[in-house]
Amino acid sequence: MYHKEKSIQIKNSASALYNNLGVLRIAPRRLTYFTVVHANVVNMVSASWDGLNYSHRQLQSKEPNVATSTSLIMQAAFCALPSRDLLVVTSQKGIQIYESDGSIMVYWHALDTPETPTAQAVFARGISAVRENYICVGISSGAILVFDVPSKGSNITLSEVLEEHKESITDMAAECSGSQECIADLVSADDGGNLCVWKSGEEFQLLNNIPGFDMSCSSVKLWKGTVVAGYGTGQIRLYEAVTGILHAEVKAHARWIYSLDIAPFSGLLLSAAEDSLVRVWHLSMTPETNSVEVTALKTQYKTFLTVDSFPQVLLT
Amino acid sequence: MSVRTLPLVFINLGGEMLYILDQRLQAQNTSEDNSEKGVWSENDRRRVMNDIVGTMFNKAFMDELLKPQQLYSHRTLKTVLTRIAHASIMRLNPASMDRLYELMVMAFKYQVFLCPRPKDLLLISYNHIDTIREFVKDTPVVVNQVDETHRKIIEVYSSLSEGEFQLLRQTLLIFFQDMHVRVSLFLKIQVQNPNGRFALSTSGPVPHGTEVPGLIRTFDSKGREVRRSEFPTGGSYSSPIREGCFELHGDRIIRLGLNMYVLTSVCSRLTFLSTSVTLQTDDTPNLLAKEELNLLARLMGSMKAENKPKAETGFRINLFTTDEEEEEAGASCGAEESLFGVINIQAMQDEQAATELARIAGQFAEQQEQPENPSGNKGDDLLAMMDDL
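A brief look at the structure comes next. (Residues numbered from 1 in each chain as written. Chains lettered and ligands numbered in written order. Predicted model: local features only at pLDDT ≥ 70, side-chain atom pairs only at ≥ 80, totals over all residues. Heavy atoms only, no water.)

### Some words on the overall build of chain B
Line of reasoning, step 1. Along its length, chain B carries 15 helices and 8 strands.
Line of reasoning, step 2. Residues classed as buried in chain B amount to 55% of the 389 residues present.
Line of reasoning, step 3. In chain B, the proportion of contacts linking residues at least 24 apart, taken out of those at least 6 apart, comes to 72%.
Line of reasoning, step 4. For chain B, the accessible surface area stands at approximately 17,100 Å², while carbon and sulfur atoms represent 50% of it. (Helix = DSSP H or I, 4+ residues; strand = E, 2+ residues; numbered from the N terminus. Buried < 20%, exposed > 50% of the residue type's maximum accessible area, 1.4 Å probe, protein only. Contact = heavy atoms within 4.5 Å. Areas by Shrake-Rupley, 256 points an atom, 1.4 Å probe, with all protein chains shown as cover.)

Next up, the structure:
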C-alpha cells in the first residue's frame, strides 16, 4: 500500500490541463523534482526526501524569435532516459527541452503555425521517453514527433514523424514495468479515444490501432503489455496492447478523468478526475489466462478540488 | 489553445451583464415612493436593453468574433464590454466597470466550472441567448439579430467534438484561473468558499453519456463478460437526466446560464460591516442586487453636474446607498425597501435635460482614454469597428 506524504505548496495553482504533474526522483541526491503548469509558466519544486528542504523556481515559456511570449504551456514532463534526465515543455508554439533542473534549454522545435489561424488549434501535447534514446511528443494534428537524444549535448534530432492518429494527441506513455520482454514500447491516445501501440526503433512500427468510441482518452499508461486508458466519460479501460482485447472496463468516475498513474512494481493504479476524487485500484496479472484483474481499494481521497487545482497523481 | 472561445465568451459575459443591468432597471419600477424625481419607465428600460443587445449581436461584430483567433486579454475584453454597455444611455466609470466585470466573470467562471460535459457550454450559452431574446422580444429587428447570431453559433459549434469543447473549456478555465472574487450570492448558497474557490458536489445526476460509477466488468479473450464487481462510489450519484436541446428553441434542461438574479427567491441581509444575517422570504431582488450592486453604486461616479438648478436637468445614475437614504426610503415605502436602500436612477425627461445629456456625452467622448493594447492587434480592429456602430 502507500501513504500520503507531507503536502508541498506550489507557488500558484495548477492549470486545467491533462496530466499536469511531472515528477522526477533523483536517488543519488535524495531529491524529487515536481513540475506543475500554470498558464504560461512551469512551477518547479525540488523537495528533499527528508521533507526538510524545498526550493522553488519558475520556468517561463521562452520561445526564441518570439518577442512577447504569450504562449500557453500545454504540458511539462520529465523524460528519464538511461543516460540523462530531461524536462520537456510543450506549448502552442513548440517544444522545448531543458536539463532536468530547468536551468538550460537544450533544444527547441517550432511548430508550423499558419499566418492566419485556422479552425483547428495548434499545440503540442503528450510527452514520453521511450527505451534508451527516444523522446516522443504529440501534436494537435495527430502526428507524433520522435526525437533522437544523444547521451549528452544538445544534438537532438527529429528522427521520425508518425502519422497515424487523425485527432489531437492527448497523452502518451512508455512501458513502465521495466520488463524487457514486452513487445510494445509506447502507446499514444487521442481526442477520439483511439489508441495506437508502437514498437520503437530507427523506424517506429505500429503494432496495433485500438479504435475509440468517440470519447476523448485523456490519460494513458502502459504496464506489462496492458494499456490502461482513462476517458472523458469517467471510464477506465484495460486493453491488451498488442491484440487490442478488452480485459476490463471500470465505471470509475462521475466526471472527466484528468490523470492516471501506475506504481509499476506493486500494480497500484491511481486515477484522478474532475469529480474531485482520487481513486486507488489494484491491477493483477494472471499470466496463465493472460488476463488482468482490477480491484477497487477501499481508500479513496477526496481532494480539495477547485477549478484552479486539478488533481494530479504521483505514485512512488 | 482553443481558437473558438470568443463568441461564447461575449455571449455569456454579455448575458451576465444584461442580467445585472436588467435587475437594476427593474428595481426602479417597484419603488413606490414619490420622492424620486425620475424613474426608468418601461420604454426607457426597453430602449437600454435594445441598444445594448443590438450592439452586442451586431452582424459585423459577431462575424469578427467568429473568426478563429486566440482569446483576448482581460483588459481588451473589459474595454470591448465597456463599449457595449455604453451603447446605451447609461454610463459607468472605470471603477464600477471593473466591479461589474468581476461579477460577470465570476458568474461565467462558475458556469464553466460546473458545466457537466464540455459540450454543455453550448447549452449554457443558449440559456443566455434565450433570456436575452426575452428582454428584447418587443423589438423584432433586434430579435432577428439575436436569431441570426444563434443560427451562426449552432452552425459553427455543432460539429465540434467533445475533445475540442474540453480544450475550449480548459482555455476558459485557464483564463479565469487567478480570479477569486467573492460573490455574496455564491457564498450564501455555498457554492463558493470564503477563500473564493468554488465547491464541487459529489452527488446528483452524472452528465449525459457518463454512467454512475461503481462497477468493474471483466472480460475474457473472446470478449464475453466473465465477472462483475461493485465498489462504493464515495458520492451519491444518480442516472443522467435527458439531454438538453441544441436547436434554436427548446428546453435546455441545464439551469446554468439562466438569470439567477430572478431565480433566487430567498434574500438575506449581509452588510460589509457586520455579519448579522436576516432572512426574509419574499420576491424582492436577491442579495446580489443588494450587496454587490450597492458596492457598485458606491464606486460608480454620479453623473450629476455640480451646479444644477433642478435635479431633472442632469442625466444622473446614482446607486448610492447611505444610511440617510435608507431612512428616507424606509419612511416612504414598505419594509422591503428599507433593506435595500434607495436606488435612484434618473432619466432625462425634458428638452433641457436632452441638451445637457449631449453636452455630458460630449465630455465623456473626450475624457475616455484610448485603451492600450499591449497584446498587439488583438481587439484593435474590433474596437475600431465598434466605434462605427
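### What about the interface of chain B and chain A?
Many structure descriptions define interface size as the accessible area lost when the parts assemble.
Line of reasoning, step 1. Counting from both sides, the interface comprises 51 residues of chain B and, opposite them, 55 residues of chain A.
Line of reasoning, step 2. Together, the buried faces of chain B and chain A total about 4,300 Å²; carbon and sulfur atoms form 56% of this surface.
Line of reasoning, step 3. Run the count over chain B and chain A and you get 3 salt bridges.
Line of reasoning, step 4. Across the pair Glu-211 of chain B and Lys-251 of chain A runs a salt bridge whose closest N-O atoms are separated by 3.1 Å.
Line of reasoning, step 5. Where the side of chain B that touches chain A is concerned, the elements lending two or more residues are α5 (94–114), α8 (162–176) and β2 (215–219) of chain B.
Line of reasoning, step 6. In terms of residue count, α8 of chain B provides more of the side of chain B that touches chain A than any other element does, 9 residues in total.
Line of reasoning, step 7. The residue makeup of the side of chain B that touches chain A, split by class, is 22 nonpolar, 18 polar and 11 charged.
Line of reasoning, step 8. For strand β20 (residues 246–251) of chain A and β2 of chain B, the ladder comprises 4 bridges, and the chain directions are antiparallel. When the bridges of β2 of chain B are listed, Ala-248 of chain A appears paired with Thr-218 of chain B. (Buried area = accessible area lost by both parts, 1.4 Å probe. Salt bridge = Lys/Arg side-chain N within 4 Å of Asp/Glu carboxyl O. Nonpolar A, V, L, I, M, F, W, Y, C, P; charged D, E, K, R; others polar. Pairing = 2+ DSSP bridges.)

### A look at helix α7 (residues 140–157) of chain B
Line of reasoning, step 1. Taking 1.5 Å of rise per residue, the 18 residues of α7 of chain B would be expected to cover 26 Å, and the 25 Å separating its terminal C-alpha atoms lies within 8% of that figure.
Line of reasoning, step 2. Within α7 of chain B, the full set of buried residues consists of Val-142, Val-143, Val-146, Asp-147, Thr-149, His-150, Lys-152, Ile-153, Ile-154 and Tyr-157 of chain B. (Expected span 1.5 Å × (residues − 1).)

### Looking at the nonpolar core
Side chains of nonpolar character tend, in soluble globular proteins, to be buried together.
Line of reasoning, step 1. In this structure, Phe-10, Met-17, Leu-77, Leu-81, Ile-84, Tyr-157 and Leu-172 of chain B are the most contacted members of the largest nonpolar core, which totals 81 residues.
Line of reasoning, step 2. Apart from the residues lying within four places of it in its own chain, the contact partners of Leu-172 of chain B are Thr-5, Val-9, Leu-71, Phe-108, Val-112 and Leu-121 of chain B.
Line of reasoning, step 3. Judged by nonpolar contacts, the second largest core, of 23 residues, contains Met-44, Ala-76 and Leu-87 of chain A together with Ile-174 of chain B. (Core = buried A, V, L, I, M, F, W, Y, C linked by side-chain atoms within 4.5 Å.)

### Digging into the sheet that holds strand β5 (residues 73–80) of chain A
Residues and elements named next belong to chain A.
Line of reasoning, step 1. One open sheet accounts for 4 strands, arranged β5-β6-β7-β8; its pairing is antiparallel. Strands at the two margins of the open sheet, each flanked by one partner only, are β5 and β8 (105–110). Between one strand and the next, the sheet's axes are offset by a mean angle of 15 degrees, whatever the strand orientation.
Line of reasoning, step 2. Both strand β7 (residues 94–99) and β8 contribute to a ladder of 5 bridges, which runs antiparallel. By the bridge assignment for β8, Ile-95 is matched with His-109. (Axes fitted to C-alpha atoms, helices over the stretch in contact; angles between N-to-C directions.)

### Describing the packing of aromatic side chains
Line of reasoning, step 1. Enumeration over the complete set of coordinates arrives at 16 aromatic pairs over all chains.
Line of reasoning, step 2. With a centroid separation of 4.9 Å and 45 degrees between ring planes, the pair formed by Phe-213 of chain A and Tyr-231 of chain A is classed as tilted. Taken together, the positions of Phe-213 of chain A in the loop between β16 (205–210) and β17 (217–223) and Tyr-231 of chain A in strand β18 (residues 226–231) put the pair 18 residues apart, joining distant regions of the chain.
Line of reasoning, step 3. What makes Tyr-231 of chain A buried here is its relative accessible area of 1%.
Line of reasoning, step 4. Taking 5.6 Å as the distance between ring centres and 55 degrees as the angle between the ring planes, the aromatic pair formed by Phe-175 of chain B and Phe-176 of chain B counts as tilted.
Line of reasoning, step 5. Taken together, the ring pairs connect Tyr-110, Phe-113, Phe-186 and Phe-198 of chain B into an aromatic cluster. (Phe/Tyr/Trp six-rings, centres within 6.5 Å; stacked < 30°, edge-to-face > 60°.)

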